[in-house]
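Fold and contact review
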Number of protein chains: 2
Amino acid sequence: MTKAALLLTVLFLSVGCKEKAAKSMASSTVANAEGLNAAIKKAEPGDVIVMSNGVWKDVEIKFRAKGTKDQPIILKAETAGGVSIEGASYLKFAGEYLVAEDLHFKNGHTPSKSVIDFRISEDEIAFNCTVTNCVIEDFNQMHRDETDLWVQFWGRHNTLSNSYIAGKTNRGPTVRVNLEGIESMNNYHQIVNNHFGPRPRKGGASAETIQIGNSFTSMAPSYTMVENNLFEECNGEVEIISSKTNFNEFRGNVFYNSEGSLVTRHGNYCTIDGNYFINDSNNTNVGGIRIVNSGHWVINNYFFNIKGEKFRSALAVMNGIPKSPQNRYNQVTDVVVAYNTYVDCVSPWQFGVGTNIDQKDVLPKSEIRSARPIRTTVANNVIYNEVGDPSPVFEHDKADGVLFKSNVINNQGVAFKDFDGGIQVASLELKEISKNIMLPTGVPSSVEPYEGFDFNTITKDLFGNSRANNNMIGATLKADVPNPNILDKTKYGADWYSNVVETKEPTTHAVASVSELQQKIDAAASGDIISLATGVYELDKSLKINKTITIQSAADDRAQIVFSGAVETPVFELNPKGLLTLNGVVLKGNGENYAFATLKENMSNHFGLTVSNCDVSDFAYALRVYREAYAEKITFTKTAFDNCENGLELSEETLDKGDYNTEYLTITDCTFNNIKQNVVDYYRGGYDESTIGGNLLIANSTFTNSGGHEKNKTLLNHRGIVNVNIKDNTFKNNPVKFVSVLWGAKNNEHSNNTISHSGEIKVQENLEMTLMY
Amino acid sequence: MTKAALLLTVLFLSVGCKEKAAKSMASSTVANAEGLNAAIKKAEPGDVIVMSNGVWKDVEIKFRAKGTKDQPIILKAETAGGVSIEGASYLKFAGEYLVAEDLHFKNGHTPSKSVIDFRISEDEIAFNCTVTNCVIEDFNQMHRDETDLWVQFWGRHNTLSNSYIAGKTNRGPTVRVNLEGIESMNNYHQIVNNHFGPRPRKGGASAETIQIGNSFTSMAPSYTMVENNLFEECNGEVEIISSKTNFNEFRGNVFYNSEGSLVTRHGNYCTIDGNYFINDSNNTNVGGIRIVNSGHWVINNYFFNIKGEKFRSALAVMNGIPKSPQNRYNQVTDVVVAYNTYVDCVSPWQFGVGTNIDQKDVLPKSEIRSARPIRTTVANNVIYNEVGDPSPVFEHDKADGVLFKSNVINNQGVAFKDFDGGIQVASLELKEISKNIMLPTGVPSSVEPYEGFDFNTITKDLFGNSRANNNMIGATLKADVPNPNILDKTKYGADWYSNVVETKEPTTHAVASVSELQQKIDAAASGDIISLATGVYELDKSLKINKTITIQSAADDRAQIVFSGAVETPVFELNPKGLLTLNGVVLKGNGENYAFATLKENMSNHFGLTVSNCDVSDFAYALRVYREAYAEKITFTKTAFDNCENGLELSEETLDKGDYNTEYLTITDCTFNNIKQNVVDYYRGGYDESTIGGNLLIANSTFTNSGGHEKNKTLLNHRGIVNVNIKDNTFKNNPVKFVSVLWGAKNNEHSNNTISHSGEIKVQENLEMTLMY
């Protein structure tokens, strides 16, 4: 079905007999908020309110009206996408059978807690209302910690369809379904045919793309349908979808290069049927399905190249906490995993994920996940591994409560534990349907599908073919199928919008004097290059970086920026969306100012920093990242730091809610000499088993005469960072007690470092941390 | 509908087209277990297996077969009730469409964990099977602590109907529905038209009449229907029905003089619709409905004369524990209490029940119930009080999360808190439909029913009349109705059985010599009187009491029993069902034997003891009650205890699981002199907020020279007993430190006691006790 046809179908289904309704429609065009309010106030069933094309700034739309099933009231743009809603704006619904379509939310943020809300107040709730063919883009609060939602569901039978939503950086799920109150249970909401575009890593929790309920309403029947959506690079946190209520259904969605998983975090009896989990690279953050709680059915799903492990494995089945508190981890029971296909996934079935029995000395009893899955069946699945996997089932804790039946694997001859014959070897072949849909063929006819209780309710395969006759194990009955074109973006989201960006060659802007430096930066397009002629640039004011830009020396003889700016001001002021690459430049301060710093506040979007072949000397801070600023990557390579009071400072996220300032801090081939404190200080606070973040690599670098002012007598500080690798470095004559204190229980490693007169590297197995919950 | 008609309907509904099926039935009569097993083995759809009338002893029936909807396989008695199944016996089902009917379980117990079981093993489960027109009576294990169930549900669509079930004394619910495993969720079991006869108090927890699930399966959808049952004196514990799963329905049941409540202990979204809660006396243990968790609807119920308070109030809405562990108390949310009628109930609406914020010093944080009900609506109810009630809403904690709307009360002019007009005064009148169905009339037409969300789903009243037009608040739309005869026992249970016992005059048996004493006791009918001629009875063997019997002196000059029985043997050996009343008899021991004692074990049924106008002297124990023995009442009045090493000993329930040995220990107008220890020792151990038991009254009695051997230096020991009243006594020259240590937080009182040289009465607010959960 084409995107347009799909859209038509949805509209037809969601608003009823549109054509018939059209006959009695009154259409009024409004040009401003006043007119809009007036039109809404007098809206009758069948009315269409048309917003004139243009920018609507600071508009708070309370769409409060009552349509009918046959005659909804429609609020729409004059032409699809022609209305952009900007500034401090929102759209809230109350009433019945209302439709908003074709709107573009950008260049702004909501002044309330949500951009689109299916209620106006506790007593004014929406039922049978629809948002469709809309776009919400980068509509972020100014501060990362300020929580909001972009689409908030209340009531029953509301729909978000065919919309494109991307770019949320601040705290809070993109879409949340709320269930507080009888009006919002048994909601049967539809989240369908949307394109959830990139949601960048947040650097901490509360950045799901969809959250359905919360632990306090985790007992509630929800029946929310999430179907046929594309999730593209939804990297906000480890949970792409966090299902926290009962009877939700996830069908036919495509999870593409998305760093996280579909997680049944709370609630029970969800159906995860016929979804695609696709990873095009070796990115180990891309996950699959993570299971907590009871009664879920995971069937007909297709997993391609999922390299995630533990929390991020293709199928992660967690250990629970015995008699768990309501907001923690219930035991997994009565789960069925059947008729799925896994191609080239790393240990696709991981059981006992999250077990932390060995941390019982540092955690309270009510935090210990020791309850293994029980009454769980894994049957009729197919695994194909191009490279054999010694543990297709990885047991973090024993999978002794799991029944394996009629599963088949091509493991390239590598031996594995077969669970009483529940996983049989077969010489499968792959049939390529598309680049990332490769279907295993050749399941021996001797392998009969296991008929577990209620398995007869699994009537179709991934492609919708009937399993009634000649049923087969695996997600698909046959491999002889047309390309389902699941990554054709025109099938999802708004029909008038595309997120495909054409690549263009960067323009190089030559700069020879300090006076034209900021001017050329401002004039450059995002992605352009500023080329500095050799010479000394005496700069007294910060350079504002608010786009993707490369600044580099034109010649081998490196340009030199001597900065006389005020105390605590930086050479490079990193603004939201400011992604700076600096190459081959010498930076020299006055001992009181900074080389690089973010804004102190209002970092509403991410920055980024890559520095290579530079010298950085005589600053109060080489880099200072303030609270709530976040970069996906900060990289220093072949760069020398000399004579600074502080080095790389990323330790101001001290609320201990799991947040941190960059996902990847990478330091290679650098030298640090006479850096007094915060040589490297990168911090994540708060015990949170599900924020798996922070990556620090320090390699092939030399540290000398540094850390003397560090109160904790540690040269490299990275407390709470989960992934740390310190290797091939030289530490010499640093007046500290420890080079580094590594967190043994996590992925902290060190190797091949040369240490003299610099203390030692210590490994501490478990850290005591603040409990976040 | 008559009972027979009802039965017919049920059979028709449950087994399908019986008449059609009859045509192809093969009927085989079997006379013993062997024949039965053979018949079951070859049973085909439509077969009827007939058990010959008579006693079937030690028969373990595994009814493993497959009938069809139209042609079930029926196992039945030759004539209804003609087969009694005795000894170590059970009946277990596996398969489909099986029916067992007309059987009488008595004089025995199950050798397994259940008498009737809807599965044979984990893999052999029953679906669409029915037990109907059966009786289970006193089918108790030998020991109270031995846990079993009389009817255990597994699978789906099974039915227990038209059966009479009574007399369970040992640990374990009478009926339990299990939900472990996919096969047993969404079970839609039917428990209908049964007569649950008296279940005596157990003296501790785990004595529900029906339990549906447990905390570990509390997330599971159950959909069990409990409809049109009579619960008569179901006094086992505080929960008559303990609903622990989701979507259960309780409709049209009659709770009659039953000491306990229908409790939504775990699980959510239950419907409690059109039930009767009737109390014919001033018994304050008879309760109504107790609410925990979310989403329940309590509608169209009728409450008459419910005098219970707190846990036992007509409507008790509990406080929850914030983020409660799975097995404790979730917060109450989203509950609706609408269209109920309360006549002469004490503070029918109690909120914040179970709050224990003031015990935070003796309990862990995970035990503190501080989360008040939220999003809860109480609307359209009618209250009639013959005597005005200052607090129709009793707030143990604030009811600030509750919306009161359109409720009406006749409170006889007594002022009360009306919650913003949510409870209005009206001068209602009562119309008597029957002795305990009195319907308030005269609700002002100005009181419009409140239309809460989904209230339109309440389509009928208590009697099934449509609420579509001229709707009214209260359980009934009109008072001009015929007597529903809800207490006509022929409408419930097995059609061939009645539990109505004809009262008969007791026979008096004269006894003049010790030789005829035991002989006459043995020959007497239960309820008879043994009349002792004046004189001395030199007895050397215990008298065995295993029925209800009164032993009394024939003349004012009291008979005297001088007992030379062996060490540790009692004059009166209290056996199961031995209820002894002893009046005007002098008992004298040899210092090493006992006056009264239970069996050391095998107390499979309750005993009872009432002693008045007696002298008890020179015994090692005046009374010794062993572990697992239980009496509903033990009473001593106008009786003198002298020169005994031990007095009244009821403290052997030391497992601290909430059990104790008698519900009521009453001591009035007695004297205790030179009783060395255990003068009164009555113990309940284990912290359990829901076992509200133990009642001790010591009044108008005199204690002298006693307690000298008591290690804890306390004369009266009653640790853990919830209700204690010590009043109008004299304590003189007792070498102890404390007369008594009372539990201030519970219902422990003392007044008007005269104490000299006997220590003091101390009140301790909170006791530290073992946690049971």
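Residue numbering note: each chain is counted from 1, following its sequence as written. In the order they appear in the text, chains get letters beginning with A and ligands get numbers beginning with 1. Reporting in this predicted model follows two pLDDT cut-offs: at least 70 for local features of residues, and 80 or more for side-chain atom pairs to be given and counted; totals over whole chains, interfaces and linings ignore these cut-offs and use all residues.

**Details of the overall build of chain A**
In terms of helices and strands, chain A carries four helices and 70 strands. To get the radius of gyration, use the C-alpha atoms; to get the globule rule, take the number of residues to the power 0.38 and multiply by 2.2 Å. Scaling as 2.2 N^0.38, a compact globule of 773 residues should have a C-alpha radius of gyration of about 28 Å, and chain A matches this with 28 Å. Taken along its principal axes, the extent of the C-alpha atoms in chain A is 75 × 70 × 50 Å. In chain A, buried positions account for 55% of the 773 residues. Note that contacts rest on C-beta atoms placed from the backbone: two residues are in contact if these are within 7 Å. Taking the contacts inside chain A whose residues are at least 6 apart along the sequence as the reference set, 75% of them involve residues at least 24 apart. Under the DSSP-based scheme used, a helix requires at least four consecutive residues in state H or I and a strand at least two consecutive residues in state E, with every element numbered from the N terminus. Residues are called buried when their C-beta atom has 20 or more other C-beta atoms within 10 Å, exposed when it has 12 or fewer, and partly exposed otherwise; all C-beta atoms are positioned from the backbone.

**Considerations on the interface of chain A and chain B**
Contacts between the two partners involve 24 residues from chain A and, on the opposite side, 24 residues from chain B. We call Asp, Glu, Lys and Arg charged. Ala, Val, Leu, Ile, Met, Phe, Trp, Tyr, Cys and Pro are nonpolar, and the rest, Gly among them, are polar. Among the residues forming the side of chain A that touches chain B, the class breakdown is eight nonpolar, 10 polar and six charged.

**What about the relation of the copies chain A and chain B?**
When chain A is fitted to chain B, the best match, at an RMSD of 0.0 Å, comes from turning it 180° and sliding it 0.0 Å along the axis. Such values leave the two copies arranged in the relation of a two-fold axis. Of the C-alpha atoms belonging to chain A, the one lying closest to the rotation axis is found on Pro-325 of chain A, 1.9 Å away. Most of the interface of chain A is mirrored in chain B, where 100% of its interface residues again form contacts. Superposition of the copies was done by least squares, using only C-alpha atoms of residues whose pLDDT is at least 70 in both.

**Section: the pairing of strand 64 (residues 714–717) of chain B**
Residue and element names in this part refer to chain B. Across two bridges, the pairing between strand 61 (residues 671–682) and strand 64 is parallel. By the bridge assignment, Asp-681 is partnered in strand 64 with Asn-717. Here, any two strands with at least 2 DSSP bridges between them count as paired. Strand direction decides the pairing type here: strand 64 and strand 67 (residues 738–743), joined by two bridges, are parallel. Counterpart to Leu-716 in the pairing with strand 67 is Ser-740.

**Considering the environment of Asp-528 of chain B**
All names here are of chain B. Within the secondary structure layout, Asp-528 lies in strand 46 (residues 528–532). Classification of Asp-528 as buried rests on a count of 20 C-beta atoms within 10 Å. In the structure, Asp-528 is positioned 317 residues away from Gln-211 in sequence and 38 Å away in space, judged by C-alpha atoms. Here Asp-528 is in contact with Pro-506, Thr-507, His-509 and Ile-549, once residues within four sequence places are set aside.

**Thoughts on the sheet that holds strand 58 (residues 631–637) of chain B**
All names here are of chain B. Here 10 strands make up an open sheet; going across it, the order is 45-46-49-52-55-58-60-62-65-68 and the pairing parallel. The sheet terminates laterally at strand 45 (508–511) and strand 68 (747–751), the two strands that pair on one side only. Neighbour-to-neighbour, the strand axes of this sheet turn through a mean angle of 10°, independent of strand direction. In this sheet, strand 60 (residues 662–668) lies alongside strand 58 in parallel orientation, the contact comprising six bridges. Bridge pairing in strand 60 places Thr-637 opposite Thr-668. Lines fitted to C-alpha atoms define the axes here, with helix axes fitted over just the stretch in contact, and angles between the N-to-C directions of these axes take values from 0 to 180 degrees.

**Re the sheet that holds strand 68 (residues 747–751) of chain A**
All names here are of chain A. In spatial order, the strands read 45-46-49-52-55-58-60-62-65-68; together these 10 strands make up an open sheet with parallel pairing. Whereas interior strands pair on both sides, the edge strands pair on one side only; in this sheet they are strand 45 (508–511) and strand 68. Geometrically, the sheet is characterised by an average inter-axis angle of 10° between neighbouring strands, direction not taken into account. Looking at chain direction, strand 45 and strand 46 (residues 529–532) are connected through four bridges and run parallel. Bridge pairing links His-509 to Ile-530 in strand 46.

**Remarks on helix 3 (residues 33–41) of chain B**
Residues and elements named next belong to chain B. Along helix 3, the residues classified as buried are Leu-36, Ala-39 and Ile-40. The arc that holds the buried residues of helix 3, viewed along the axis, is 100°, so those residues lie on one side. Facing away from the buried side of helix 3 by over 90 degrees, the exposed positions are Glu-34 and Lys-41. Those residues of helix 3 hidden inside the fold are in contact with strand 1 (27–30), strand 2 (48–51) and strand 4 (60–66). Throughout, the arc means the angular range of directions from the helix axis out to the C-beta atoms.

**Remarks on the environment of Thr-639 of chain A**
All names here are of chain A. Following the sequence through the fold, Thr-639 ends up in the loop between strand 58 (631–637) and strand 59 (640–650). For the pair Thr-639 and Pro-348, spaced 291 residues apart in the sequence, the C-alpha separation amounts to 41 Å. What Thr-639 contacts, discounting residues up to four positions off in sequence, is Val-611, Ser-612, Asn-613, Cys-614, Val-616 and Cys-670.

**Looking at the confidence of the model for chain A**
Any segment with low pLDDT has predicted coordinates that should not be analysed in fine detail. All names here are of chain A. Residue-level confidence of the predictor is what pLDDT reports, using numbers from 0 through 100. Confidence along chain A averages 94 in pLDDT terms, with 96% of residues attaining 70 or more. Per-residue pLDDT stays below 50 along residues 4–24; that stretch engages in 31 contacts with residues further than four places along the chain or on separate chains. Scoring the predicted complex yields pTM 0.92 and, for the interface, ipTM 0.90.

**A few points about unusual backbone geometry**
Backbone geometry at Asn-228 of chain A places phi at a positive 60°, although glycine is not the residue there. For Asn-228 of chain A, the location among the structural elements is in the loop between strand 22 (225–227) and strand 23 (230–232). The class of Asn-228 of chain A is buried, set by 23 C-beta atoms lying within 10 Å. You will see that Glu-568 of chain B, though not glycine, has its phi angle at about 65°, which is positive.

**A word on the environment of Val-511 of chain B**
All names here are of chain B. Among the structural elements, Val-511 can be located in strand 45. Residues Val-511 and Ser-553, spaced 42 residues apart in sequence, show a C-alpha to C-alpha distance of 9.5 Å. When residues no more than four places from it in sequence are discounted, the contact partners of Val-511 are Glu-516, Leu-517, Lys-520, Ile-530, Ser-531, Leu-532 and Ala-533.

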